[in-house]
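For reference, the chains in residue letters:
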Amino acid sequence: MQKTLLLTGASRGIGHATVKRFSREGWRVLTCSRQPHDPACPWPDGERNHIQLNLSDPADTINAVELIRERLDGLLHGLVNNAGISPKGPNGERLNTFTTDIMDWGKVFHVNFFASVVLARGLREELAAAKGSVVNVTSIAGSRVHPFAGAAYATSKAALAALTREMAHDFGPLGVRVNAIAPGEVETSILSPGTEKIVEGLPMQRLGQPSEVADVIYYLCSDQSSYVTGTEIEINGGQHV
Ligand SMILES: NC(=O)c1ccc[n+]([C@@H]2O[C@H](COP(=O)([O-])OP(=O)(O)OC[C@H]3O[C@@H](n4cnc5c(N)ncnc54)[C@H](OP(=O)(O)O)[C@@H]3O)[C@@H](O)[C@H]2O)c1
């Protein structure tokens, strides 16, 4: 039987590599993001399985749950909460606890944190029916101050890591596993100028590739990780050592 994944933010970067990985393994992948499906980098049934959705709008996100459920045939084997934003100041500067506009802080939390709660909660019956797996994409910035990622981003990712524990506790009895992955410096458009300085100091001395992150996400949605839940896997080339 073909398995189904719901993946937020599949149009670029880590999400794009993830949709490619799961498609290659024969999964059907439902995707959500703000832009329409881009035919420049297609995957099987990509256009038909795309839902255009702005996750920074709570009403939009709540309303989309019913639409997604209608497309699922009662089973959801994987939910990957990957879409994320990391706003910067007008000159690309880091926004800290003094300089982050409070409305922007809320927007970051809607995309990076609340959308994950809304989707996982709203789709719990389908996840339970499939004994599915949830993967929340956190960040190295959730556990330490990062030179480029701002305060809103960091706190939203710390909250998402805490949510992963809470969800693992609540979804476990339903047979659903919930884990997080925390990437370090991965080669996507979210990176800031200056990242090369950080990379020089890493034990592995290189950026991570989106496909290397997608591999870990795939592992967490596969039977290879059948007793792994409530954990956060770091994917950072040794940035924490
Ligand atoms: N790259 C890294 O080094 C790194 C490090 C740590 C953590 N992460 C995390 O990994 C995840 C993916 O990062 P990435 O680097 O691949 O990011 P990216 O290249 O900037 O892609 C972000 C994705 O999220 C979608 N998205 C953004 N805002 C959205 C919204 N309001 N509603 C719906 N979808 C939205 C985008 O699609 P649309 O534009 O079509 O909406 C896009 O597909 C994020 O959660 C990020 O925080 C990345």
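Summarised in this report is the structure supplied together with it. (Residues numbered from 1 in each chain as written. Predicted model: local features only at pLDDT ≥ 70, side-chain atom pairs only at ≥ 80, totals over all residues. Heavy atoms only, no water.)

1. Some remarks on the pairing of strand 4 (residues 78-81)
Alright, step 1. Neither face of strand 4 is open: one carries G78 and V80, the other L79 and N81, and all of them are buried.
Alright, step 2. Pairing of strand 1 (residues 4-8) with strand 4, which is carried by 3 bridges, proceeds in the parallel orientation. Its bridge partner being in strand 4, L6 is matched across the sheet by L79. (Buried < 20%, exposed > 50% of the residue type's maximum accessible area, 1.4 Å probe, protein only. Helix = DSSP H or I, 4+ residues; strand = E, 2+ residues; numbered from the N terminus. Pairing = 2+ DSSP bridges.)

2. So, the packing of aromatic side chains
Alright, step 1. All chains considered together, the criterion is met by 5 aromatic pairs.
Alright, step 2. Ring geometry for F113 and F114: centres 5.0 Å apart, planes at 70 degrees, overall edge-to-face.
Alright, step 3. On the basis of relative accessible area, F113 is assigned to the buried category, the value being 13%.
Alright, step 4. For F114, a relative accessible area of 38% gives the class partly exposed.
Alright, step 5. Among the aromatic residues, ring-to-ring pairing joins F22, W27 and Y218 into one connected group. (Phe/Tyr/Trp six-rings, centres within 6.5 Å; stacked < 30°, edge-to-face > 60°.)

3. Concerning the site of the ligand
Alright, step 1. Lining the immediate surroundings of the ligand are 31 residues, of which S11, R34, N82, Y153 and T188 lie closest.
Alright, step 2. A distance of 3.3 Å separates an oxygen atom of the ligand from a polar backbone atom of G9.
Alright, step 3. S11 is positioned such that a nitrogen or oxygen atom in its side chain is 2.6 Å from an oxygen atom of the ligand.
Alright, step 4. Coverage of the ligand by the protein chains reaches 97% of its 890 Å² of free accessible surface.
Alright, step 5. If you list the elements that add at least two residues to the shell around the ligand, you get helix 1 (13-24) and helix 5 (151-171). (Near = heavy atom within 4 Å. Polar contact = N/O pair within 3.5 Å; in protein donor to acceptor, adjacent residues only side chain to side chain. Areas by Shrake-Rupley, 256 points an atom, 1.4 Å probe, with all protein chains shown as cover.)

4. Considering the pattern of salt bridges
Alright, step 1. This structure, assessed with the given rule, holds 8 salt bridges.
Alright, step 2. The partner of E25 in a salt bridge is R21, with the nearest N and O atoms 2.8 Å apart.
Alright, step 3. A relative accessible area of 36% means that E25 is categorised as partly exposed.
Alright, step 4. With a shortest N-O distance of 2.9 Å, R69 and E126 are connected by a salt bridge. One end of the pair, R69, is in helix 2 (residues 58-70); the other, E126, is in helix 4 (residues 124-130), with 57 residues separating them in the sequence.
Alright, step 5. Using a relative accessible area of 5% as the deciding quantity, one classes E126 as buried.
Alright, step 6. The network of salt bridges with common partners includes E66, R69, E125 and E126. (Salt bridge = Lys/Arg side-chain N within 4 Å of Asp/Glu carboxyl O.)

5. Remarks on the packing of helix 1 against helix 7 (residues 210-220)
Alright, step 1. Between helix 1 and helix 7, the least distance of the axes is 8 Å, while the angle of their chain directions is 55 degrees. If you check the angle between helix 1 and helix 7, you find them oblique. For the pair helix 1 and helix 7, the sense of crossing is right-handed. Taken together, the residues of helix 7 that come into contact with helix 1 (itself represented by G13, I14, A17, T18, R21 and F22) are P210, S211, V213, A214, D215, I217 and Y218. (Axes fitted to C-alpha atoms, helices over the stretch in contact; angles between N-to-C directions. Parallel < 35°, antiparallel > 145°, perpendicular 65-115°, else oblique. Left-handed = near helix turned anticlockwise from the far one by under 90°. Contact = heavy atoms within 4.5 Å.)

6. Describing the nonpolar core
Alright, step 1. Counting 35 residues, the largest nonpolar core has L6, I68 and L79 as the members making the most contacts within it.
Alright, step 2. Elements that contribute at least two residues to this core include exactly strand 2 (28-33), helix 2, helix 3 (102-122), helix 4 and helix 5.
Alright, step 3. Setting aside residues no more than four positions away along its own chain, L6 makes contact with L30, C32, I68, L76, G78, L79, V80 and L123.
Alright, step 4. Core analysis: the second largest hydrophobic core is formed by 21 residues, L7, I14, V19 and V80 among them. (Core = buried A, V, L, I, M, F, W, Y, C linked by side-chain atoms within 4.5 Å.)

7. A few points about the packing of helix 2 against helix 3
Alright, step 1. Relative orientation of the contacting elements helix 2 and helix 3 amounts to 35 degrees, with a least axis distance of 10 Å. Considering only the axes of helix 2 and helix 3, their crossing is right-handed. Taking contact as the criterion, the partners of P58, T61, I62, V65, I68 and R69 in helix 2 are, on helix 3, H110, A115, V118, L119 and G122.
Alright, step 2. Within the contact of helix 2 with helix 3, the residues separate by chemical class into 7 nonpolar, 3 polar and 1 charged. (Nonpolar A, V, L, I, M, F, W, Y, C, P; charged D, E, K, R; others polar.)

8. Focus on unusual backbone geometry
For residues other than glycine, phi is negative in most cases, and the peptide bonds are mostly trans.
Alright, step 1. Here the phi dihedral of D73 falls at roughly 55 degrees; this positive angle occurs in a residue that is not glycine.
Alright, step 2. Positionally, D73 belongs in the loop between helix 2 and strand 4.
Alright, step 3. According to the relative accessible area criterion, D73 is exposed, its value standing at 68%.
Alright, step 4. A positive phi is found at Q205, a non-glycine position, where the angle reads about 50 degrees.
Alright, step 5. For Q205, a relative accessible area of 59% corresponds to the exposed category.

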